[in-house]
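# Understanding the architecture of this molecule
One-letter residues, chain by chain:
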Amino acid sequence: MRKHDKTGFWKKSAVFVWLMAVSLQVSGEKPLFAREQVLLTLDSAVNIAMGRSYRIKQLELGIERTRFWLKSRQASLKSRIFMELKAPDIEAVSETKWNSTLKKDEIIHSNTRLWQMDLSVKQPVLVFGYPTNGYLSLNNQIYRYSQEDGGQEVDYYNRFFLKFEQPFLLPNNLKNDIEDAELDLQKSELEYIADRVSLIDRVSDDYYDLFEVSYKKTIFDLQIENLRKIAEIAQVKAGQDTARVIETVQVQVELANARESLLRNQSEIRREIAAIKQRLQLSHEDSVFIEPVVKVVPIKIDVNQAIQYGNSLHPRLRILEIDKRKGEIDVNNSTGWDAFHLNLEMTYGMEKQKDQFREIWDDYDGSYSVSINAYVPIWDWGRRKARIEAEKISLKKTELYIEETQNRIRSDIVNAVDNLRDYQQRALNMQSNIGRVQDITDFGMNQYRDNLISLQDLLQMVARQKETELNFLDAYLGYRRSLLSLMIQTYYDYENGESLIDKFRVES
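Small disclaimer: the values here were computed from a predicted structure and weren't measured.

Parameters at a glance
- Residues numbered from 1 in each chain as written.
- Predicted model: local features only at pLDDT ≥ 70, side-chain atom pairs only at ≥ 80, totals over all residues.
- Heavy atoms only, no water.
- Helix = DSSP H or I, 4+ residues; strand = E, 2+ residues; numbered from the N terminus.
- Rg over C-alpha atoms; globule rule 2.2 N^0.38 Å.
- Buried < 20%, exposed > 50% of the residue type's maximum accessible area, 1.4 Å probe, protein only.
- Contact = heavy atoms within 4.5 Å.
- Pairing = 2+ DSSP bridges.
- Axes fitted to C-alpha atoms, helices over the stretch in contact; angles between N-to-C directions.
- Polar contact = N/O pair within 3.5 Å; in protein donor to acceptor, adjacent residues only side chain to side chain.
- Salt bridge = Lys/Arg side-chain N within 4 Å of Asp/Glu carboxyl O.
- Core = buried A, V, L, I, M, F, W, Y, C linked by side-chain atoms within 4.5 Å.

## Notes on the overall build of the protein
Regarding its fold elements, the protein presents eleven helices and ten strands. For a compact globule of 508 residues, the expected C-alpha radius of gyration is about 23 Å, and the protein comes in at 41 Å, more than 25% above that figure. With respect to the three principal axes, the spread of C-alpha positions in the protein is 145 × 55 × 40 Å. Within the span of the protein, comprising 508 residues, buried residues form 40% of the whole. Taking the contacts inside the protein whose residues are at least 6 apart along the sequence as the reference set, 79% of them involve residues at least 24 apart.

Take a look at the structure:
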């Protein structure tokens, strides 16, 4: 086979791989035609897997749920309108009460009816957009209260008032809750991206396994074709010289061994097709095939930049940083447990009490109230201090995880870059030679035809050609897998020049 015929040979081999894959999947119990023909590339395999992955769908729903949690907590910064009703509150009970005139307890029977409505518009207090953990509310309280004791006494009450509530010396729970929800959303999005990249890793592994056995088939096909040509030359020579019949036998033995290797390869292709179908959740009746085309594109990698990508983009580190911040929030919240604190509450408004409903809407009287409540812990046997220390230790553990992860990522990236450089150089060196090995074999056939070399020398040329092509395949797959490993460690796609965080980020 000449050099200019090599492209046509590979195309024919790819078609043959497809036809063979179809035939291997057809059995007596199945339809004669596959339901769908799937030409796989690495990108299409990844897209199919992501489109059908239950894990990806679960993570997408998780992100959506977390966004609603965040929206719910962010809404706590806005006004809230609510109403409380007692309609009615009926009591007909006997209770023991102190009679200050008689200087003794008496059993008093009361029969009361209360109808009450409390309407409030409540707003968190913000200073320059920053929540202070306090609340300001506009309130209206109306009730009808009736008592029966031989007769019926009815009172109506109406009050409008502003109320201000502010705790002091406590963590800002409102601010912390909102930040915690924002961190949960970021964490969910990073976990989603990490799972997509992990799926790429798993699918790529199956794809390259199928690629390897499919490419080997083209090597075995070419070996068999070369041995057939040699067998034809040997047959001509045996017809000219009966002493050389043994050479035809030797070629037939080599041809039989090559065919056996091809049969084993066909079984491997069938197993790999079944494995990738299961990975992609394709139907057993679908026909899957690939075109094993090799292409080595030199990529220059700066180790320091790759480490920087890993430290800034890798979700594992970013999730740990989020966990660290959540730990700091937990430590801050824990300082408020059983701690000394003050609660200030002030009200100012207007009120009216009358025995006629229509009279409670004019000539209001002023009303106000001020109260400061203090919680003073006395002794808790070190409970509060121990809980705070426990939260601080959890934070320190997270900081150690971050340091350990940074060192591991750095080591993995350095190894991935070294492997990529090694395999890339091997693949490039062999790529320049792979196109000449068939020319050497063709030249050897001409020499054997002209009795310039022996059959053994020619068979060694065929064997070396096969070995060279297998070595190139090994170097190429090492190059592809090393490039994939580097992408997974850095979360940066060097082939397309883009961050995987940006590529797989979920749009709001």
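Next, the rest of the story.
## Quick word on the environment of Gly 435
Tracing the backbone through its elements, the reader meets Gly 435 in the loop between α8 (383-434) and α9 (437-449). A relative accessible area of 16% means that Gly 435 is categorised as buried. C-alpha of Gly 435 to C-alpha of Thr 490: the two residues are 55 residues apart in sequence and 34 Å apart in space.

## Some points on the pairing of strand β2 (residues 80-99)
By the bridge criterion, 18 bridges tie β2 to strand β3 (residues 104-127) in an arrangement that is antiparallel. Looking at β3, one finds that Lys 97 is bridged to Glu 106. Turn length for the β2-β3 hairpin, with the two strands adjacent in sequence and antiparallel, is four residues, and the turn residue Lys 103 shows positive phi of about 60°.

## Some details on the pairing of β3
Both β3 and strand β4 (residues 130-148) contribute to a ladder of 15 bridges, which runs antiparallel. Pairing of Leu 119 across the sheet is with Asn 140, part of β4. Between β3 and β4, which pair antiparallel in sequence order, lie two residues; one of them, Phe 128, sits at a positive phi of approximately 55°.

## Concerning the sheet that holds β3
Read across the open sheet, the six strands follow the order β2-β3-β4-β5-β7-β8; overall the sheet is antiparallel. Pairing within the sheet leaves two strands with one partner each, and these edge strands are β2 and β8 (365-375). If you compare each strand with its neighbour and ignore which way they point, the axes differ by 25° on average. Bridge analysis of strand β5 (residues 152-168) against strand β7 (residues 341-354) gives 13 bridges, and the strand direction is antiparallel. Following the sheet pairing, Tyr 157 is matched in β7 by Gln 353. Across the sheet, helix α4 (residues 173-240) touches β3 and β4, and the angle it forms with β4 is around 115°.

## Section: the environment of Asp 302
With respect to the helices and strands, the residue Asp 302 is situated in the loop between β6 (287-290) and α6 (303-313). There is a polar contact of 2.8 Å between the side chain of Asp 302 and the backbone nitrogen of Gln 305.

## Re unusual backbone geometry
Even without glycine at this site, Asp 338 takes up a positive phi of about 55°. Relative to the helices and strands, Asp 338 is located in the loop between α7 (315-334) and β7. For Asp 338, a relative accessible area of 27% puts it in the partly exposed group.

## Observations concerning the pattern of salt bridges
In the structure shown here, the tally under the stated rule is 21 salt bridges. Its salt-bridge partner being Lys 163, residue Glu 345 comes within 3.7 Å of it at the nearest N-O pair. Separated by 182 residues along the polypeptide, Glu 345 in strand β7 and Lys 163 in strand β5 bring together distant segments of the chain. Among the residues examined, Glu 345 registers a relative accessible area of 29% and is labelled partly exposed. Close ionic contact of Glu 225 with Lys 229 constitutes a salt bridge, the shortest N to O distance being 4.0 Å. Residue Glu 225 and its partner Lys 229 are located together in helix α4, separated by four residues, close to a single helical turn.

## Here we look at the nonpolar core
Membership of the largest hydrophobic core comes to 74 residues, with the highest contact counts inside it found for Leu 40 and Tyr 494. Looking at this core element by element, the count peaks at 17 residues for α4. When neighbours within four sequence positions are excluded, Tyr 494 is seen to be in contact with Ile 299, Ile 301, Ala 306, Tyr 309, Leu 483 and Leu 486. Leu 227, Met 445, Ile 453 and Met 461 belong to the second-largest nonpolar core, a separate cluster that totals 19 residues.

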